[in-house]
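# Chain and residue survey
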Amino acid sequence: MRLSPEQFWTYSEWLFQHNGLRDGMILALALTILGFLVGYLVSVVNHGPVEGFLKVAQNIGQLFTVDIPKFSFRRVAAIAGLAFKESIRKKILVLIGIFIIAMMFAGWYLDQNADYPARLYISFVLTATNYLVIVLGFFVSCFSIPQDIKSRTIYTIVTKPVRPLELFLGRVLGFAGIGTLILLVMGLLSYVFVVRGLNHEHEVETIDANGKIGQTTLSNKHTHTFTLNEEGRGTTNEVKGHRHIVSKVGDRIVIGKKIDDLTARVPIYAKKLEFTGRDGEKNEGYNVGYMSEYQKYIEGDSLSMAVWEFDGVNKDLFKDVISYDLTISAFRTYKGDIVTPVGGIIYFRSPDEKVESERESFKVKEFQVDRRSIRTKLKGFKEGQPADLDFFKDIAPDGKFQVVIRCQDRGQYLGMAAADLYLRPADLQFWWNFVKGYISIWLQMFIVICFGVMFSTFLSGPVAMIATVAAIVLGFFGFFVDQLQASTTKGGGPIESLIRVPSQTGSQIELDLGSPALEEAIRVVDTWLLTGVAQLKNAVPNFDQLGTADFVAYGTNLFGGLLGRHLTIALGYFVLTSLVSYFFLKTREMAA
Amino acid sequence: MATALESGPSGSTSANDPTNVIVETRNLGKIYRDFWGRKKVHALKSLDLEVRRGEIFGLLGPNGSGKSTTIKLMLGLLFPTSGRVFVFGKDATDVSKNERIGYLPEESYLYKFLNADETLDFYGRLFDMSADERKERTAKLIKMVKLEHARRRQLKEYSKGMTRRIGLAQALINEPEFLVLDEPTTGLDPLGTRDMKDLILRLRDEGKTILLCSHQLADVQDVCDRVAILHQGELKELGRVDSLLKMQDITQIHASGLSDDAKSRIKKIIEESGGQLERMDNPTTTMEDLFLEIVKESEQRPGRRGGRGEN
């Protein structure tokens, strides 16, 4: 799994430094203006310009003067309870049955021979749950209000002192309630499925004469080798993403429980990664071609290096050892000795570069995580002189330090991105990460329900569902708008494309209309249009970004900042859909 | 067209003070349009009427006459195309008026998967009533509509009569001052109809105002104080039931033990003025006759209003 930098922003970084708040505000403002304009136009058609304006003003006024102040949780709870009962009556719980059947078949087909069976299992359960509850969200939310209108039961509701906001909220919470229930059951079943599916035991198959090195029996289609230390303890080697603890009990060697596959690493990422070129100049890192979109490269046997800057690392998280994981790729400009990996050196240093650890050379383990560590009591250099150092006293007294990587082999390159090196304090519990994965799914379901109920306040059931599906699918194309705006897609914006298509001007050729002023004008208008589209893009949820199954599957802690962001986004959609629904319910003739 | 800024109801047409007018419609009109805004039906044409506190007001008319439209406009289920409706002096689209209204729709549109207790509890919660209050009201109402034996059964198992009764209970959950009953006796057997009518009269005696809409002319005649008769979206007749049913130009004589000769003599005597009459007053026709006559008249001379009763 590759984390993109924005995935490890903290919550406040996202909100303030990276414009989460600003974009949200702009979007809110744009939608408010748009909503007001559309509302006013509709009102003008029905009531004429002056009274139309008064009607709109009246409805907005009533939201704040009457409908919010007189809001009643008891009414919301009553409507939510009804929606919950209605869903149960519609036999929604059958979904759990479908899920159980899916898991039974999956048990046959999930390949124990895969390199990382845990990832496969976890991805499967999370993806299956995700799809099922999103479909559930579509179905329960889109049909309920239209059904009430069709059967006219809505007459007995809206002739009671029920306010539009309560009607919306009640539905949303009721359906979210049933979704929560189903997710809880599915989550519990999934957890048992994953843990039991991966569970296996090994015995000792062979052991050497010293009783130190041995091999385990075959279980779940793999074996391990293991080495014991003087105290009779150790671990097996890593096979299929896990190791086992090995210990000596009396004369017997016991292969114990497995570790590393169901876990939640808590990576501490650097604040930034900077590159230095071959002559010691600062640069962006070298681009070696197609694979360099994510990682940038440093050149071997030169002054080129990559420097990660860490900040605010809490020393209490580490005892004697600082563990860190490294995922580096190599790019060879010549084949050379293909068996020997490309080599690099790594060292830690203080931000003022006066204190640094001894340089440690390593061989790049491509396509896998290199689990490394450095002791907190270490040898190094203080202002050029060899010295015994204490990591948190000498190198990082205030939690700030740098990690430097260089490539040793001339003509070869090492590639890395900011997320490819992270410190790894003690892991968190897997189950908690699993729960967080489910919270993520819950948020997606909640957004679907909000949209479904919103559309159902003014569209018939099937149309509301198509609209909801369309909104979600549009969200998946959000990246395309980003690309357009960042001009990485060739052919220009909407107007330029419109000219290029009929005039058969290929996207690789400069647009030539014979008038530079006209071309510039088109570009300016396109930029404006794209900025508008980019803002509107935010109005539909991007489920691609909201999915967090990979975090759980790859054993990386789904950290609070990201979940908080998703929570905020969901809340934003909730407010948006509430308001839209309010105005539609308020201005709709229920008996028409 | 009246504007949103227009002042509230004046009650000027009422003999009493404005607080005694529960519902007032002013020049109320409703045009149903299709999706493209084209006119489909002119369901209601400038209706002016009042429902006064403490009366049972009947709304009569053949199918498609605009009765249901009027009720829906009063409840805010529809918005007027022209004119306005005031309920308790508030615009009909104001949700807060619903605190004081009970509504029994045409076919008791209730949630069939709930039982009687759950239904009443649910509607009670919509009035923000506390749990104790809901429990007390539910027990009382279920007893009142005689559904004690079926309170735990889902409404989908209910007969039509039982559904009407739970519908009525639902409409009374908030002890409303104003009760709108749409066809309250449909689906009820004669006994049930009698019970319903007694109940309506009792509710009136308790001080509630009731708006009743019905095809059962006998029911209207039995319980209503005043009626409005609608046809083709127009108000045709409005007045007290007793005066509407009075036939002003006919004299009815109730006499007994008279021979043919005597009858002819009485006739003669009456012609010459004088004699002893056992009883002599204005006879009444049935509501049904009146209704049919009005419909016939209206078809012959559309747009004109009859002039039988006082307002």
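Residues numbered from 1 in each chain as written. Chains lettered and ligands numbered in written order. Predicted model: local features only at pLDDT ≥ 70, side-chain atom pairs only at ≥ 80, totals over all residues.

### Here we look at the overall build of chain B
- Assigned secondary structure in chain B consists of nine helices and twelve strands.
- Within chain B, buried positions represent 42% of all 311 residues.
- In chain B, the share of contacts with a sequence separation of at least 24, taken over all contacts with a separation of at least 6, comes to 68%. (Helix = DSSP H or I, 4+ residues; strand = E, 2+ residues; numbered from the N terminus. Buried ≥ 20, exposed ≤ 12 C-beta atoms within 10 Å, placed from the backbone. Contact = placed C-beta atoms within 7 Å.)

### Remarks on the overall build of chain A
- Helix and strand content of chain A: 17 helices and 22 strands.
- Along the three orthogonal principal directions, the C-alpha set of chain A runs to about 90 × 70 × 50 Å.
- Each of the 592 residues in chain A was classed as buried or not, and the buried ones make up 36%.

### A word on the pairing of strand 1 (residues 21-33) of chain B
All names here are of chain B.
- Two elements, strand 1 and strand 2 (residues 39-52), share nine bridges in a ladder whose sense is antiparallel. In the strand pairing of strand 2, Val21 is matched with Arg52.
- The hairpin formed by strand 1 and strand 2 contains five residues between the paired strands, and Gly37 there has a positive phi angle of roughly 85 degrees. (Pairing = 2+ DSSP bridges.)

### Some details on the interface of chain A and chain B
- Contact residues are listed per partner, giving 28 residues for chain A and 26 residues for chain B.
- Within the residue set of the side of chain A that touches chain B, elements represented by two or more residues are helix 3 (49-67), helix 4 (73-89) and helix 7 (153-158) of chain A.
- It is helix 4 of chain A that contributes the most residues to the side of chain A that touches chain B, seven residues altogether.
- Counted by class, the side of chain A that touches chain B contains eleven nonpolar, six polar and eleven charged residues. (Nonpolar A, V, L, I, M, F, W, Y, C, P; charged D, E, K, R; others polar.)

### Quick look at helix 3 (residues 131-144) of chain B
All names here are of chain B.
- Relative to the 20 Å expected for 14 residues at 1.5 Å per residue, helix 3 spans 20 Å between its end C-alpha atoms, a close match to the ideal helical length.
- Burial in helix 3 covers these residues: Arg134, Arg137, Thr138, Leu141 and Ile142. The buried residues of helix 3 occupy one face: seen down the axis, they fall within an arc of 125 degrees. Projecting away from the buried face of helix 3 at angles above 90 degrees are the exposed residues Asp132 and Lys143.
- The inward-facing, buried residues of helix 3 contact helix 2 (116-126) and helix 4 (160-171).
- Positioned one or two residues after helix 3, Lys146 has a phi angle of 55 degrees, which is positive. (Expected span 1.5 Å × (residues − 1). Arc of directions from axis to C-beta.)

### Re the sheet that holds strand 4 (residues 233-236) of chain A
Residue and element names in this part refer to chain A.
- With respect to topology, six strands assemble into an open sheet ordered 1-2-3-4-5-6, the strand pairing being antiparallel. A single partner strand is all that each edge strand has here, and the edge strands are strand 1 (204-207) and strand 6 (252-259). The average angle at which neighbouring strand axes cross in this sheet is 25 degrees, direction not considered.
- Judged from the three bridges that link them, strand 4 and strand 5 (residues 243-249) form a sheet pairing that is antiparallel. Residue Gly234 lies in a different strand from strand 5, and its bridge partner there is Val246. (Axes fitted to C-alpha atoms, helices over the stretch in contact; angles between N-to-C directions.)

### Concerning the sheet that holds strand 5 (residues 90-91) of chain B
- In spatial order, the strands read 2-1-4-5 (chain B); together these four strands make up an open sheet with antiparallel pairing. The open sheet has two free edges, formed respectively by strand 2 and strand 5 of chain B, since each of these has just one partner strand.

### So, unusual backbone geometry
- Here the phi dihedral of Asp301(A) falls at roughly 50 degrees; this positive angle occurs in a residue that is not glycine.
- The class for Asp301(A) is partly exposed, based on 13 C-beta atoms found within 10 Å.

### A short note on the packing of helix 10 (residues 430-456) of chain A against helix 17 (residues 560-587) of chain A
Residues and elements named next belong to chain A.
- Across the interface, helix 10 lies against helix 17 with an axial gap of 9 Å and an inter-helix angle of 15 degrees. If you check the angle between helix 10 and helix 17, you find them roughly parallel. Read as a crossing pair, helix 10 and helix 17 show a hand that is left-handed. Between helix 10, through Lys436, Ile439, Ser440, Leu443, Phe446, Ile447, Cys450, Phe451, Val453 and Met454, and helix 17, the contact on the second element is made entirely by Leu563, His566, Leu567, Ala570, Tyr573, Phe574, Thr577, Val580 and Ser581.
- By residue class, the composition of the contact of helix 10 with helix 17 is 14 nonpolar, four polar and one charged. (Parallel < 35°, antiparallel > 145°, perpendicular 65-115°, else oblique. Left-handed = near helix turned anticlockwise from the far one by under 90°.)

### Re helix 10 of chain A
- When the terminal C-alpha atoms of helix 10 of chain A are compared, their 39 Å separation across 27 residues agrees well with the 39 Å that a helix rising 1.5 Å per residue should span.
- Of all 27 residues in helix 10 of chain A, 22 are buried; the element is thus mostly enclosed.

### As for the nonpolar core
- Ranked by internal contacts, the top residues of the largest apolar core, which has 152 residues, are Ile449(A), Cys450(A), Met74(B), Ile166(B), Val180(B), Leu212(B) and Ala228(B).
- Top contributing element to this core by residue count: helix 6 (residues 117-150) of chain A, with 17 residues.
- Every residue in contact with Ala228(B), bar those within four places of it in the chain, is listed here: Leu49(B), Leu59(B), Leu60(B), Leu235(B), Glu237(B) and Leu238(B).
- Ala270(A), Ile395(A), Ala417(A) and Ala419(A) belong to the second-largest nonpolar core, a separate cluster that totals 40 residues. (Core = buried A, V, L, I, M, F, W, Y, C linked by C-beta atoms within 7 Å.)

### Focus on the confidence of the model for chain B
Residue and element names in this part refer to chain B.
- Considering every residue of chain B, the mean pLDDT works out to 81; 81% of them sit at 70 or more.
- Looking at the elements of chain B, mean pLDDT is at its lowest for strand 12 (residues 279-281), recorded as 52, and at its highest for helix 2, recorded as 94.
- Low confidence marks residues 1-16, where pLDDT is under 50. Its contacts with residues over four positions away, or in another chain, come to 26 contacts.
- On the interface metric, ipTM, the complex scores 0.79, and its pTM is 0.83. (pLDDT = per-residue confidence, 0-100.)

### A word on the packing of helix 2 of chain B against helix 4 of chain B
All names here are of chain B.
- Where helix 2 meets helix 4, the closest approach of the two axes is 9 Å, and the angle between their N-to-C directions is 25 degrees. Looking at the two axes, helix 2 sits roughly parallel to helix 4. The two elements helix 2 and helix 4 meet at a crossing, and its hand is right-handed. From helix 2, Ala116, Thr119, Leu120 and Tyr123 reach across to helix 4, where they touch Ile166, Ala169 and Gln170.
- Class assignment for the residues of the contact of helix 2 with helix 4 results in five nonpolar, two polar and no charged.

### Details of the environment of Val223(B)
- Looking at the secondary structure, you find Val223(B) in helix 6 (residues 217-223).
- Among all residues touching Val223(B), those that are not within four sequence positions of it are Ile56(B), Lys197(B), Ile200(B), Leu201(B) and Leu212(B).

### Thoughts on the environment of Pro502(A)
Residues and elements named next belong to chain A.
- Residue placement: Pro502 occurs in helix 13 (residues 494-503).
- Overall, the presence of 7 C-beta atoms within 10 Å leaves Pro502 in the exposed class.
- Between the alpha carbons of Pro502 and Glu13 there is a distance of 45 Å; along the sequence they are 489 residues apart.

### Describing the environment of Glu356(A)
- Counting through the fold element by element, Glu356(A) comes out in strand 15 (residues 355-357).
- If sequence neighbours within four positions are ignored, Glu356(A) has contacts with Tyr347(A), Phe348(A), Arg349(A), Gly380(A) and Phe381(A).

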